[in-house]
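# Structural overview for review
This is what each chain is made of:
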Amino acid sequence: RFGEVRRGDSLLLPARAVVLRLSKQRLQREHRAVHDALGVLEQFTKEHALLSQPFEPSFALCNGTAALLRRLGGHSFGAGSEPAVASGLEALRALLPRVGLLPFRRRRKRHRLPKIVVPALLDALAALLDADQSGGPDPPGGGGRKGEARQPSEVASASDFDEEELILLDLLHAPAESYLHSLATVLSRVESLSHVLAWAAYDDTAALGQPDAITQDELRIVSLPRLKLTFQALMVDNSVRLYSVDHADLFITNERSETESAMLEAIPHSLLLSNSNSECSVLVCAWPPCRPQIESVPFSTSLVLDRSDVKWAGNLEHPYYMYPVHVSRVILYTTTLASALYLLLLRFLGRRYKEVVRLVDTVGSDAALSREEDQILQFLSCEKNSPDSHPDASACRLKISLVLLDAPLQLPWDISLEMADYLFRLEHVSADCLLTPEEELTLLKRCICDVADKRCSTEAGHTPLGIALCKNRRTALRARAAAGLGRHFSVSNIAALENGGGERPPCCTVELPKRAAEGRTRWVHAWHPTVLEETPEGLEGMLEELVMRFKRERAYYLEGMMALLMFLNQKSAPSARRFSIPTGGFLTLYCLFTNSTPCRPGLVGGFFAPSCSASFASLLLSFLELDEPTLLSSILLSLARCPSLGKLLPEFVDTRVTKRRDLYSGVPTPEEPQTPLATLLRGVMAEMHAAAAEASPARTEVLRAMQRRRVNVLTKERMWGGFGGGAYGGQSGGGGGGGGYGG
């Protein structure tokens, strides 16, 4: 884009308020010339008694006088303009007698103020000058374009720009798709446009009011004061490149391969630099990256740079880091410990846990960290970042703790809590992030493994379950280490044991944490046996008052599942639409538990994933009130604690004569003699009573009916899984109904 610039795109307008960086000598010459010209004007007003008060110059008056002198002398007070300044003063003295004084003398005394008369006098002089120049050649500096561009061909040093006169360009209002707009887009990655100064070469012969006064050829330097960076614009192969003044032979490039784009994906505030040998480096500004918590995107990796953190900036040795790129274009080298910690921070916030594990060894240290290094480490668990409870995140934090165990510092997390989280979800940790048994033992030596430990504190989050996990894991690893076994006891050893051979695995004693009181637990642990203790008389009494509103869905896809979750998340839902177990929530969850309403959240390999209705129903159950022990909640809690029970119980079948209404009553009515809700509850309670009873012919018959339902469900899943996509079948049934047989 730098090279493909049309004439209309190459116009770089000055800023709204023109900002010039001029030399001190030019300003001093202008000051002396304006001072002499004001003296001439003061003498003229005194001789002709034009003022009723003493002569008082103002800033606007000085600007107007300077503009008049530029027109009279054809200069801009540049070097060697002293003769032109002198001739301009003589022309001013010769022009003053030609001014008609009658309008000034007619003014009343109260209107002969310096702020009124002197500007009017300057306007009269400008009108005379316009009349003299009308029809003649354009005055010097009258505008338009300059002849030749003054684009340098070699990189200059920072001191070479000290005496150079420049004009500031407006990056914020650059025309779309222009060179300046492209420049602003690139540099906005690393810095706010309010702190990006694009300077063009100043020419006193150019008319800055013209739209084509400055083009891309006059772009001289781009300065980033907060980052202490300066780039010089050079013309190379008919295109403009921004070469770094601070780093030799490095220029900004937008040419990158797919591997380089993937490498920089989690580093949005970076610039790719290249040299003449096509060797690349990545410049990353050292702003604190914040990953805000977004409720609708729980695993977001979007970063927001906090450029206003003064304390962070004060601890930095350099406001940016340079990372050389490996020749393979997939790896970044780290040159300092601070740069390694910052890159690790970016990878961690980007949820690239495998890359974090590969970078852990580069941040190992046994010495005290500097303020810059310590603040980067502490930022891993900063409150500005959304909490990360991913199993791999816990493993990464433990890896970092391991390489910094000998350093005199305070880690931003509790090793005991992280180890407990890691062990609790060990089966979900990626293979690349797993700790070795030796690493686990090293960390467990620093963990709290006894509730009597003085470091144990409930305020800090330590729980008996987490402490027991750490203690039992340490005991098991020590036993395996003593027996010379690895992490896992292999299948071949188990087969040998079954055949009577091989060495037996080591034994160790484990401890179980105390179970919490029943009154403090909810969810599936709050199961109650109401369904086994309820009598038929009690059921009939409940049915007389039971009315449910239920609209059966053929299947729930991802949109329907999200809509249902959003509905349940409403804090102040109307009472008429409230979702509860006795008003219709029971039938919705029961159909999900029995898989008569399948859930298809997405595609796997081009097919719909297997139904997850039971797990989705368990999730929805947490939104409902389960404190009161009722028959309906007991049935749902039994299905949640034993999901396989859903395949054994009868499905809900709507046997009503009129199916237009979505109200289901527990007792028959003259309009609707059929009561499918009562039939379902009587059948479920009778079968569960029989299954839990002692051996009898009735129990045997119920178990056979349950077995037939299970076989029927499994057969349908295998035969008709392709219709709507199960684990089996092909694409031919992909559009059949709502997913699955009967769905």
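Residues numbered from 1 in each chain as written. Predicted model: local features only at pLDDT ≥ 70, side-chain atom pairs only at ≥ 80, totals over all residues. Heavy atoms only, no water.

Our next topic: the environment of His-181. Looking at the element boundaries, His-181 is found in helix H6 (residues 179–187). By relative accessible area, His-181 is classed as partly exposed at 29%. For the pair formed by His-181 and Leu-171, sequence separation is 10 residues and the distance between their alpha carbons is 6.7 Å. (Helix = DSSP H or I, 4+ residues; strand = E, 2+ residues; numbered from the N terminus. Buried < 20%, exposed > 50% of the residue type's maximum accessible area, 1.4 Å probe, protein only.)

Looking at the element boundaries, Ala-617 is found in helix H21 (residues 613–621). Linking Ala-617 and Thr-588, residues 29 residues apart in sequence, is a C-alpha distance of 8.5 Å. When residues no more than four places from it in sequence are discounted, the contact partners of Ala-617 are Leu-589, Leu-592 and Phe-593. (Contact = heavy atoms within 4.5 Å.)

The geometry of helix H12 (residues 391–403) relative to helix H13 (residues 415–424) is characterised by a closest axis approach of 9 Å and an angle of 140° between their N-to-C directions. When the axis of H12 is compared with that of H13, the two are oblique. The handedness of the crossing between H12 and H13 comes out as left-handed. On H13, the residues that touch Ser-394, Ala-395, Arg-397, Leu-398 and Ser-401 of H12 are Ile-415, Glu-418, Met-419, Asp-421 and Tyr-422. Each residue belonging to the contact of H12 with H13 can be placed in one class, and the counts come to 5 nonpolar, 2 polar and 3 charged. (Axes fitted to C-alpha atoms, helices over the stretch in contact; angles between N-to-C directions. Parallel < 35°, antiparallel > 145°, perpendicular 65-115°, else oblique. Left-handed = near helix turned anticlockwise from the far one by under 90°. Nonpolar A, V, L, I, M, F, W, Y, C, P; charged D, E, K, R; others polar.)

Another point: helix H15 (residues 464–483). Compared with the 28 Å implied by 1.5 Å per residue over 20 residues, the 28 Å span of H15 between its first and last C-alpha is a close match. Taken residue by residue, H15 has Gly-466, Ile-467, Ala-468, Cys-470, Asn-472, Arg-473, Leu-477 and Ala-479 as its buried positions. Check the buried side of H15 and you find it contacts H13 and helix H14 (437–444). Looking one or two places after H15, you find Gly-484, whose phi comes out positive at around 75°. (Expected span 1.5 Å × (residues − 1).)

Once that is clear, we can look at the confidence of the model for the protein chain. Atom-level detail of predicted coordinates should not be read off regions where pLDDT is low. Averaged over every residue, the pLDDT of the protein chain is 82; the share at 70 or more is 83%. Considering only residues more than four positions removed or in separate chains, one finds that residues 1–10, a stretch of pLDDT under 50, has 20 contacts. Contacts for the low-pLDDT stretch residues 722–743, under 50 throughout, to residues beyond four places or in other chains number 47 contacts. (pLDDT = per-residue confidence, 0-100.)

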